[in-house]
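Coordinates in review
Listed below, chain by chain, are the residues.
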Amino acid sequence: MKTRVERRELLTELAAMRGIVESRSTIPVLSHLLLRVRDDRLELAATDLDVSLTSSCAAEGGSCEPGATAVQARKLLEIVRALDDGPVDLSTGESNSLHIDAASSRFRINGLSAEDFPTLASVDPESASATFEAPFADLKRMIGKVIFAVSAEESRFQLNGALLKLKDGAVELVATDGHRLALIEAEMAGVAEADGVLAPRKALLELMRFDSDESAAFRRGEHHLAFVIGRRELTCRILEGTFPDYEKVISKDNDRKASFDRQELSGVVHRVSLLTGDRAPMVRLKFDDRSLLVSSSNPDLGEAEETLECDYEAENLEIGLNPAYVRDFLGAVDTDRVEFALKDENSQCIAHPVEGADSRYLCVIMPMRL
């Protein structure tokens with residue numbers, strides 16, 4: 001294997017692979033990247049057996065000799081990051097080692113045989129059971145509005161991802177950890193209705209790390225999902241399990257409405273939550289005529305309270321909420337004002353932006369005992 005690529009382009013693709021690689025895996029090759037020279041391009045691949053990412057870099061014409069090797073991902077990234085911009089020569093030596101030459105720098109990394117690298121899953125666009133294409137920025141924005149509600153508890157595997165559901169002319173994304181639920185629906189031209197599918201949390205987090213002005217193509221296979229963004233293709237195993245019937249979870253009779261300035265509410269909740277404990281943190285929200293009192297109390301730390309204006313004209317109401325859940329929602333919203341729909345102290349709070357570009361966006365937050 002032999003090729004020459006630009007350091008800046010190579011570094012960009014290596015950095016994108018970093019989150020996929022299993023640094024502590026009991027299978028050594030999973031801490032490696034597959035490098036393959038083919039058709040005047042350097043192809044790169046990383047996998048943890050559940051999520052895979054492939055990409056490529058353009059090579060200088062006439063500098064390529066086909067071949068492949070697998071090298072330790074973290075060390076290769078550190079070396080390329082330390083180099084100055086300019087051309088980087090890559091070639092293989094004895095025992096699958098990789099030689100890196102750039103200006104006056106010379107490195108040799110021990111490698112593994114490319115044959116030891118796992119076979120990567122793929123989704124053939126011709127046989128995909130569901131597809132759509134949209135600007136990647138729109139897809140990334142949707143993920144950012146629900147990713148905080150995906151459960152990180154491995155024992156609740158059916159909640160370790162988000163439900164991606166295709167509707168006629170729209171895409172819906174839903175996530176819940178049992179204590180809160182986030183749902184977004186956005187119009188997308190050309191989308192045909194299809195059954196929902198569970199996309200794993202790690203794949204969604206990796207997509208959030210990408211930056212691209214290009215379109216994203218989604219494909220659903222029998223056991224895998226694929227997201228193609230430019231030269232990158234992220235493939236992940238579909239999560240098994242039954243996602244909760246989320247529409248039944250969302251209350252339809254929360255008739256007490258309160259709206260606030262989003263940034264003001266975020267600041268108040270942050271300050272008051274400084275005196276909540278690490279175990280079961282809670283802030284009290286006491287709604288009065290056109291005002292909200294946010295307070296916290298902890299026997300080991302003390303007390304805090306702050307008042308802000310809000311549009312609320314219903315009967316007085318007090319509810320306890322986890323401040324982290326409130327801040328996560330407020331951080332995901334991009335409108336100036338937000339609204340809480342409430343019923344009583346024992347019922348869920350339904351938070352959503354006032355107006356906004358999405359067809360539907362809401363966050364359900366379950367109350368805490370006062």
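Read on for a plain summary of the structure. Counting restarts for each chain, with residues numbered from 1 along the sequence as it is written. Residue-level local features of this predicted model are given only where pLDDT is at least 70; pairs of side-chain atoms are given and counted only at 80 or more, and the full residue set underlies all totals for whole chains, interfaces and linings. Here the side-chain values reflect all heavy atoms present in the structure, with hydrogen atoms and water set aside.

Comments concerning the pairing of strand E8 (residues 105-109)
- In this scheme, strands are said to pair when DSSP sees at least two bridges between them. The way it works is that DSSP assigns letters per residue, a run of H or I at least four long becomes a helix, a run of E at least two long becomes a strand, and they are numbered from the N terminus. Here 5 bridges tie strand E7 (residues 98-102) to E8, and the two strands are oriented antiparallel to one another. When the bridges of E8 are listed, Asp101 appears paired with Arg106.
- The loop that links E7 with its antiparallel partner E8 comprises 2 residues; one of these, Ala103, has a positive phi angle of about 55°.

Observations regarding the pattern of salt bridges
- Each salt bridge in this description consists of a side-chain nitrogen of Lys or Arg and a carboxyl oxygen of Asp or Glu lying within 4 Å of one another. The tally for this structure, following the rule as stated, stands at 30 salt bridges.
- Taking the shortest distance from any N to any O, the salt bridge between Lys75 and Glu78 comes out at 2.8 Å. Of the two residues, Lys75 and Glu78 both sit in helix H2 (residues 73-82), 3 residues apart, roughly one turn of that helix.
- Across the pair Glu306 and Arg271 runs a salt bridge, and its minimum N-O distance is 2.8 Å. With Glu306 in strand E21 (residues 302-309) and Arg271 in helix H6 (residues 262-272), this residue pair connects regions lying 35 residues apart in the sequence.
- Beyond isolated ion pairs, a larger network of salt bridges with shared partners links Glu9, Glu13, Arg231 and Arg232.

Focus on empty space enclosed by the protein
- Throughout, the protein atoms alone are placed on a 1 Å grid, and a set of points is a cavity if a 1.4 Å probe fits but cannot get out or a pocket if it is open with protein on both sides within 12 Å along at least five of seven lines; lining residues have an atom within 4 Å of a point. Grid points are joined across faces, edges and corners, and a volume is the space filled by probe spheres set on the points. Within the structure shown, the criterion is met by 1 cavity of 30 Å³ or more.
- Considered as a void within the structure, the largest cavity measures approximately 40 Å³ in volume.
- Taken together, Leu139, Ile143, Leu164, Leu173, Ala199, Leu204, Leu207 and Phe227 make up the full set of residues lining the largest cavity.
- When residues of the lining of the largest cavity are traced back to their parent elements, those giving at least two are helix H3 (136-144) and helix H4 (201-209).
- Of the residues contributing to the lining of the largest cavity, the split by class is 8 nonpolar, no polar and no charged. Classes in brief: Ala, Val, Leu, Ile, Met, Phe, Trp, Tyr, Cys and Pro nonpolar; Asp, Glu, Lys and Arg charged; the others, Gly included, polar.

Fair warning: the whole summary comes from geometry, so function is off the table for now.
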